[in-house]
Amino acid sequence: MKINQSFEVNRPPAEVWALFQDIPTVATCMPGAQFTEDRGDGNYAGRVNIKLGPFGASFEGAARVVNDAATHSAHVEGQGLDRKGGSRSKLIMDYKVVQAGVGSRVDIEADVQLAGPIAQFGRTGVITETANVLIGQFARNVEAKLSEVQPQCSASQTAASTSSAAAEPAQAANQVNAFRILWLVFVSSLRRMFGMQSRQGS
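Residues numbered from 1 in each chain as written. Predicted model: local features only at pLDDT ≥ 70, side-chain atom pairs only at ≥ 80, totals over all residues. Heavy atoms only, no water.

### Overview of the overall build of the protein chain
Thought 1: Regarding its fold elements, the protein chain presents 6 helices and 7 strands.
Thought 2: Mapped in sequence order, the helices and strands of the protein chain form the string β-α-α-β-β-β-β-β-β-α-α-α-α.
Thought 3: Across the 202 residues of the protein chain, 37% fall into the buried class.
Thought 4: Surface summary for the protein chain: the accessible area is close to 11,500 Å², and the carbon and sulfur share equals 55%. (Helix = DSSP H or I, 4+ residues; strand = E, 2+ residues; numbered from the N terminus. Buried < 20%, exposed > 50% of the residue type's maximum accessible area, 1.4 Å probe, protein only. Areas by Shrake-Rupley, 256 points an atom, 1.4 Å probe, with all protein chains shown as cover.)

### Notes on the pairing of strand E4 (residues 55-68)
Thought 1: Here E4 pairs with strand E5 (residues 73-81) via 9 bridges, running antiparallel. What sits directly across from asparagine 67, in E5, is alanine 74.
Thought 2: Here E4 hands over to E5 after 4 residues, with histidine 72 in that stretch at a positive phi of 55°. (Pairing = 2+ DSSP bridges.)

### As for the nonpolar core
If you look at soluble globular proteins, the nonpolar side chains tend to sit buried side by side.
Thought 1: One finds Phe7, Phe20, Tyr95, Val106, Ile108 and Val142 to be the most contacted residues of the largest nonpolar core, which totals 27 residues.
Thought 2: Here this core gets 6 residues from one element, more than from any other, and that element is helix H4 (residues 126-147).
Thought 3: Those residues in contact with phenylalanine 20 that lie beyond four places of it in its chain are Phe7, Val26, Tyr95, Val97, Val106, Phe138 and Val142.
Thought 4: Listed in part, the 7 residues of the second largest apolar core include Phe55, Ala57, Val126 and Ile127. (Core = buried A, V, L, I, M, F, W, Y, C linked by side-chain atoms within 4.5 Å. Contact = heavy atoms within 4.5 Å.)

### With respect to the pattern of salt bridges
Thought 1: Inspection of the entire model under this criterion finds 7 salt bridges.
Thought 2: Here aspartate 41 makes a salt bridge to arginine 64, at a shortest N to O gap of 3.7 Å. One end of the pair, aspartate 41, is in the loop between strand E2 (33-40) and strand E3 (43-52); the other, arginine 64, is in strand E4, with 23 residues separating them in the sequence.
Thought 3: Among the charged side chains, a network of salt bridges with common partners joins Arg47, Glu60 and Arg83. (Salt bridge = Lys/Arg side-chain N within 4 Å of Asp/Glu carboxyl O.)

### Quick word on the environment of glycine 78
Thought 1: With respect to the secondary-structure elements, glycine 78 resides in strand E5.
Thought 2: Along the chain, glycine 78 and valine 112 lie 34 residues apart, while their C-alpha atoms are 9.7 Å from each other.
Thought 3: Not counting chain neighbours up to four residues away, the residues in contact with glycine 78 comprise Ala62, Ala63, Ser89, Lys90 and Leu91.

### Side note on the packing of helix H1 (residues 13-20) against H4
Thought 1: Contact geometry of H1 with H4 gives a least axis separation of 11 Å together with a crossing angle of 100°. In terms of their interaxial angle, H1 and H4 are classed as roughly perpendicular. Of H4, the residues touching H1 (which contributes Glu15, Val16, Leu19 and Phe20) are Phe138, Val142, Lys145 and Leu146.
Thought 2: When grouped by side-chain class, the residues that make up the contact of H1 with H4 number 6 nonpolar, no polar and 2 charged. (Axes fitted to C-alpha atoms, helices over the stretch in contact; angles between N-to-C directions. Parallel < 35°, antiparallel > 145°, perpendicular 65-115°, else oblique. Nonpolar A, V, L, I, M, F, W, Y, C, P; charged D, E, K, R; others polar.)

### Some thoughts on the packing of aromatic side chains
Thought 1: Tallied over the full model, the rule gives 5 aromatic pairs.
Thought 2: Ring geometry for phenylalanine 7 and phenylalanine 138: centres 5.8 Å apart, planes at 90°, overall edge-to-face. Remark: phenylalanine 138 occurs in helix H4 and phenylalanine 7 occurs in strand E1 (residues 2-9); sequence separation between them is 131 residues.
Thought 3: Relative accessible area serves as the criterion here: at 6%, phenylalanine 7 is assigned to the buried category.
Thought 4: The exposure class assigned to phenylalanine 138 is buried, which follows from its relative accessible area of 9%.
Thought 5: Within the aromatic cluster, the residues linked to one another by ring pairs are Phe7, Trp17, Phe20, Tyr95 and Phe138. (Phe/Tyr/Trp six-rings, centres within 6.5 Å; stacked < 30°, edge-to-face > 60°.)

Scope: geometric values only; no functional claims are made or implied.
What follows is the structure, given as structure tokens:
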């Protein structure tokens, strides 16, 4: 299953790239993710929790990250196993941070392979829509995390911003809005249906 996504962050590429090198901090920005171990040489272990209505899975896995600082890009390969439910996942992803106006754009190309009970959601498009929602939340959390270290505000403003920014990733890390995901799947289905009807009528 191919996923191509882009998101923008209102920070310079150098700042975004620097944050992405801090894997434990990046994990706090990804909803449902938990960093567990730095195994050295670009190898990391972690856990990802997913809940869609009555379905839930907790993937334990590992990933290897190969960075190219010259181009602000990276190649990631990972895999995970839900020991309780038997679902398995494999990820191959490339991302790049580029200049976008005064901020940055992060371009993502990923290939996700699913097996076991969770594979049914890939067939219905839920996984793709879930990725869209999670990437949007991740982008907001990254920008909030970067705002914590900016010295441009007064002390009181910085304290308030830090408190709010810290709360948002913590809350998002444990919650995925299943109702919003299902709504997006419904909307996407309608678009595909009407698109097919339009092509048939032309």
